[in-house]
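Geometric and topological summary
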Amino acid sequence: MSALGKLFRTTAFKLTLAYLVVFALFAAFLLGYFALNTRRLFTEQATQAVDIEIAGLSDQFNSAGIRRLTQVVDARSRRPGSNLYLVTTPNGDGLAGNVGSLPTGVLEKPGLTETIYRRIEEGETAELHRALVRVAQLPSGFKLLVGRDLDERDRLYDVVLDAGKWSTAAVIVLGLIGGFFVARRVLRRVDAMTETTRTIMGGDLSGRIPVAGSGDELDRLAHNLNEMLDRIEALMRGLKEVSDNIAHDLKTPLTRLRNRAEEALRISGSEAEYRAALETTIEESDSLIKTFNALLMIARAESGHARGNMIDFDAAEAARDIGELYEPLADEQGLSLDVEAPAAVPLHGNRELISQALANLVDNAIKYAAPAAKANGEPSAVTVTAGTEGDNVLLSVADRGPGIPEADRARAVERFVRLEKSRSIPGSGLGLSLAAAVARLHGGELRLEDNAPGLRAVLVLPRLLPLPQPAISSAPAEPAEAAMPQSGTAPA
Amino acid sequence: MSDHVVHSDTMRILIIEDDRDAADYIVRAFRETGHVADHAADGEEGLAMALDGDYDVLIVDRMLPKRDGLSVIGELRAKKVETPVLILSALGQVDDRVKGLRAGGDDYLPKPYSFSELLARVEVLARRRGGRNEETVYRVGDLELDRLSHRVMRGTEEVVLQPREFRLLEYLMKHAGQVVTRTMLLENVWDYHFDPQTNVIDVHISRLRSKIDKGFAQPLLHTVRGAGYMIRDNIR
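Quick caveat, the model's predicted, so the values are computed rather than measured.

Scoring rules and cut-offs
Residues numbered from 1 in each chain as written. Chains lettered and ligands numbered in written order. Predicted model: local features only at pLDDT ≥ 70, side-chain atom pairs only at ≥ 80, totals over all residues. Helix = DSSP H or I, 4+ residues; strand = E, 2+ residues; numbered from the N terminus. Buried ≥ 20, exposed ≤ 12 C-beta atoms within 10 Å, placed from the backbone. Contact = placed C-beta atoms within 7 Å. Pairing = 2+ DSSP bridges. Axes fitted to C-alpha atoms, helices over the stretch in contact; angles between N-to-C directions. Nonpolar A, V, L, I, M, F, W, Y, C, P; charged D, E, K, R; others polar. Arc of directions from axis to C-beta. Parallel < 35°, antiparallel > 145°, perpendicular 65-115°, else oblique. Core = buried A, V, L, I, M, F, W, Y, C linked by C-beta atoms within 7 Å. pLDDT = per-residue confidence, 0-100. Expected span 1.5 Å × (residues − 1).

1. Points about the overall build of chain B
Looking only at helices and strands, one finds eight helices and twelve strands in chain B. Among the 236 residues that make up chain B, the fraction classed as buried is 42%. Partitioning the contacts of chain B with sequence separation of at least 6, the portion at a separation of at least 24 is 58%.

Structure below.
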């Protein structure tokens, strides 16, 4: 019962029911209208025929007298399927015609009358017929009755009414059955979705809604829900990974900090030693703060907050400025830093963030290329370029360091990921992910390519920022996109 | 703070900050460095004190009870009180900085900060009133920087500098005798408001130092440990 009750409460069933009522009412109205109109038309035709006959017969009487009239009426009465005729004397005795019996008083009524009658040739027990009659008072008291049988009309009316009743009944029954099946089908699929949702709410994020493959609206819904689930699952996984990494990468320096402070306390030293210990403590706290700032920065960029500060500026100039900022450092590390930005590259974006992203890339390039340069003893170059490619602005930083194996490139931009080889190099491991977040904020991406040898990191930024569309549903999807570091950058 | 140079000129500082611990720490530190520091715990009190007292610098937290920091600054500026204001904020991002400066703040320092950074910035702000902006030639010892002709002389020798090195030296000399932090240099000379992962400023400074100090008995460009840099004539 509850299953049936559920079925009756479904939207599909309710809709079926509502449509059914409307449709049945409409059908009944249509058929009723048709039946009534047919009946009226029939009556009108009968009236006309009776009137013409009366007029014709009255003329006969007027021109040739009662004898002629009775002759004509007798002749007409004998024709098969004839009208009704009756001519009476002023006292009501029949002179001619085919009417056997009539209810009393009909002959006295003027105008059109619907009445029952029997034909003259029918016996007393025969069924009564219905007819439309008119009685004309002839001069000198004779009466002439002409009528037309209405049985045909009533039969037609009955047929139409019956057809209407049956077809309406059929519509209702078929509609109910149809509604039942549609509702059951929809219900079954919705039940499957509900089931999946429950599994997911129970904590198993891997559940997916079955797709029937019919491509209908439920399939589309299921498909979209599944995509959303994929997204959520990936986000959750990312979040977990990030929090694990944060826990690990912040715990290490914090432990080091604590140990150093403890050690300074334990080994009673001179004031200078205490001072030195405190200074390193401060230095390490500062680097921790830097890490937190970088994390906040990424979060800000990913949440789209920094959208407010977009201006038009020359990306080539920004690249030259960063090059100039880092040139002495590169030089000190035995590298040369070249900026190739011959032409102005107009860009709309957050200058500060893009500069910071570039600075991080250059910083990384110097960090990784310097040991290689020192080992080889050969001069090695870090090259910063600014240019355009189609509708995109490309800002690249290329080095001759060890590079990143293709398999690791997607992972390299994740927060805190420091590939095994780089563990020995200081840094928060946030540089690339910050650059990637900045690129996404601008609707672009960070590409990591093989510089053969070395790494080429390219910020690909659309020249015109795709406008955030507040009214359209794609707007909320944008921060969601940005919030997922691991999906943003595909391996080049 | 033995490395730090204690100035003869004492500053009067008002700290408007609701975090009791943070405020106590700053007040104590300023007093230890020889300045007068007062404290207000909310926006209304802070505004009243700032209007009455003759302070050299106001340090204003952005989020305050009763009246927020930006509104305090707005009210002061509306009343034609031009005391320099340094805004402290936990929201240390560029757009907030812009908002703060637009509201009438003169400098912006995101939390957490080091006291040496705060002190250096406050000193620069306090001195700005009698600043050296109108001077066309800066002199420190026998180092001379001509802001119009962009020429730099050390004694009788001309020092050839790149444009950015010139601006770096100009900023340092404008604040001669004051500690200038790396962040201040990055902000004022390069106009960047982010933390580079590596201390790029140090390398720029050592380049500049090799150009102006190398071969001279008297070094002028000094590193102040744990704080930043200072250009100063030792004899003074």
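Still more to cover.
2. Observations regarding the overall build of chain A
The helix and strand tally for chain A stands at eleven helices and 13 strands. Each of the 492 residues in chain A was classed as buried or not, and the buried ones make up 28%. A separation of at least 24 residues holds for 64% of the contacts in chain A among residues at least 6 apart in sequence.

3. Looking at the sheet that holds strand 10 (residues 380-389) of chain A
Residue and element names in this part refer to chain A. With mixed pairing, the five strands of this open sheet are ordered in space as 8-10-11-13-12. One side of each edge strand has no neighbouring strand; the edge strands of this open sheet are strand 8 (335-340) and strand 12 (445-450). The mean inter-strand angle of the sheet, taken between neighbouring strand axes irrespective of direction, is 15°. Direction of pairing for strand 10 relative to strand 11 (residues 392-398): antiparallel, over a ladder of seven bridges. Among the inter-strand pairings, Gly387 is bridged to a residue of strand 11, identified as Leu394.

4. Regarding the interface of chain A and chain B
Contacts between chain A and chain B engage 23 residues on the former and 19 residues on the latter. Elements with a contribution of two residues or more to the side of chain A that touches chain B: helix 5 (271-303), helix 6 (315-332) and helix 7 (351-376) of chain A. Counted by class, the side of chain A that touches chain B contains eight nonpolar, eight polar and seven charged residues.

5. Here's the deal with helix 3 (residues 69-78) of chain B
All names here are of chain B. Those residues of helix 3 not exposed but buried are Gly69, Leu70, Val72, Ile73 and Leu76. For helix 3, the buried positions fall inside an angular range of 160° around the axis, keeping them on one side. Positive phi shows up at Lys80, right after helix 3, with a value of about 65°.

6. Here's the deal with unusual backbone geometry
The phi torsion of most residues other than glycine is negative, and most of the peptide bonds are trans. All names here are of chain B. The backbone of Lys66 shows a phi angle near 70°, a positive value even though the residue is not glycine. Within the secondary structure layout, Lys66 lies in the loop between strand 3 (57-61) and helix 3. The backbone of Asp191 sits at a positive phi, close to 65°, despite the residue not being glycine. Note that Asp191 resides in the loop between helix 7 (182-188) and helix 8 (200-212).

7. Side note on the packing of helix 6 (residues 163-174) of chain B against helix 8 of chain B
Residues and elements named next belong to chain B. Remark: helix 6 packs on helix 8, axes separated minimally by 11 Å, with the N-to-C direction vectors making an angle of 85°. Classified by the interaxial angle, the pair formed by helix 6 and helix 8 is roughly perpendicular. Within the contact between the two elements, helix 6 uses Glu165, Leu168 and Leu169 and helix 8 uses His204, Arg207, Leu208 and Ile212. Among the residues making up the contact of helix 6 with helix 8, the classes are represented as four nonpolar, one polar and two charged.

8. Points about the environment of Glu45(B)
Positionally, Glu45(B) belongs in helix 2 (residues 43-52). Separated by 29 residues in the primary sequence, Glu45(B) and Ile16(B) place their C-alpha atoms 8.4 Å from one another.

9. Observations concerning the pairing of strand 2 (residues 94-97) of chain A
Bridge count for strand 1 (residues 84-88) of chain A against strand 2 of chain A is three bridges, and the pairing is antiparallel. In the sheet register, Thr88(A) faces strand 2 of chain A, and the bridge partner there is Gly94(A).

10. With respect to the environment of Tyr192(B)
When you line up the elements, Tyr192(B) lands in the loop between helix 7 and helix 8. Non-local contacts of Tyr192(B), meaning those with residues more than four positions away in its chain, are made with Ser355(A), Leu186(B) and Glu187(B).

11. Side note on the nonpolar core
Residues Leu358(A), Val362(A), Ala435(A) and Ile59(B) are the most contacted members of the largest nonpolar core, which totals 118 residues. The contacts of Leu358(A), once residues within four sequence positions are left out, are Ala318(A), Ala319(A), Ile322(A), Leu395(A) and Val397(A). Of all hydrophobic cores here, the second largest spans 22 residues; its members include Ala46(A), Tyr85(A), Leu132(A) and Leu145(A).

12. Concerning the sheet that holds strand 11 (residues 221-224) of chain B
Residues and elements named next belong to chain B. In spatial order, the strands read 10-12-11; together these three strands make up an open sheet with antiparallel pairing. Strands at the two margins of the open sheet, each flanked by one partner only, are strand 10 (180-181) and strand 11. For strand 11 and strand 12 (residues 228-231), the ladder comprises four bridges, and the chain directions are antiparallel. Paired with Leu221 across the bridge in strand 12 is Ile231.

13. Some points on the confidence of the model for chain B
Reading fine detail from the predicted coordinates is not recommended where pLDDT is low. All names here are of chain B. This prediction gives chain B a mean pLDDT of 83; 91% of its residues lie at or above 70. Counted against residues more than four places away or in other chains, residues 1-7, with its pLDDT under 50, gives nine contacts. Across the whole predicted complex the pTM is 0.62, and at the interface the ipTM reaches 0.82.

14. Considerations on the packing of helix 2 (residues 11-78) of chain A against helix 3 (residues 151-201) of chain A
Residues and elements named next belong to chain A. Where helix 2 contacts helix 3, the two axes come as close as 9 Å, and the packing angle between them is 170°. By the criterion of interaxial angle, the relationship of helix 2 to helix 3 is roughly antiparallel. Residue composition of the contact of helix 2 with helix 3, grouped by class: 23 nonpolar, ten polar and two charged.

15. Quick word on the confidence of the model for chain A
Residue and element names in this part refer to chain A. Residues at a pLDDT of 70 or more form 88% of chain A, whose mean pLDDT is 79. Considering only residues more than four positions removed or in separate chains, one finds that residues 418-425, a stretch of pLDDT under 50, has eight contacts. Per-residue pLDDT stays below 50 along residues 468-492; that stretch engages in 48 contacts with residues further than four places along the chain or on separate chains.

16. Observations concerning helix 5 (residues 115-128) of chain B
All names here are of chain B. A rise of 1.5 Å per residue sets the reference length of helix 5, with its 14 residues, at 20 Å; its end C-alpha atoms lie 20 Å apart and thus fit the reference within 8%. Of all 14 residues in helix 5, eleven are buried; the element is thus mostly enclosed. Within helix 5, burial applies to Ser116, Leu118, Leu119, Ala120, Arg121, Val122, Glu123, Val124, Leu125, Ala126 and Arg127.

17. Side note on the environment of Asp219(A)
Mapped onto the elements of the fold, Asp219(A) is located in helix 4 (residues 217-266). Residues in contact with Asp219(A), not counting those within four places in the same chain, are Val211(A), Ala212(A), Gly213(A) and Ser214(A).

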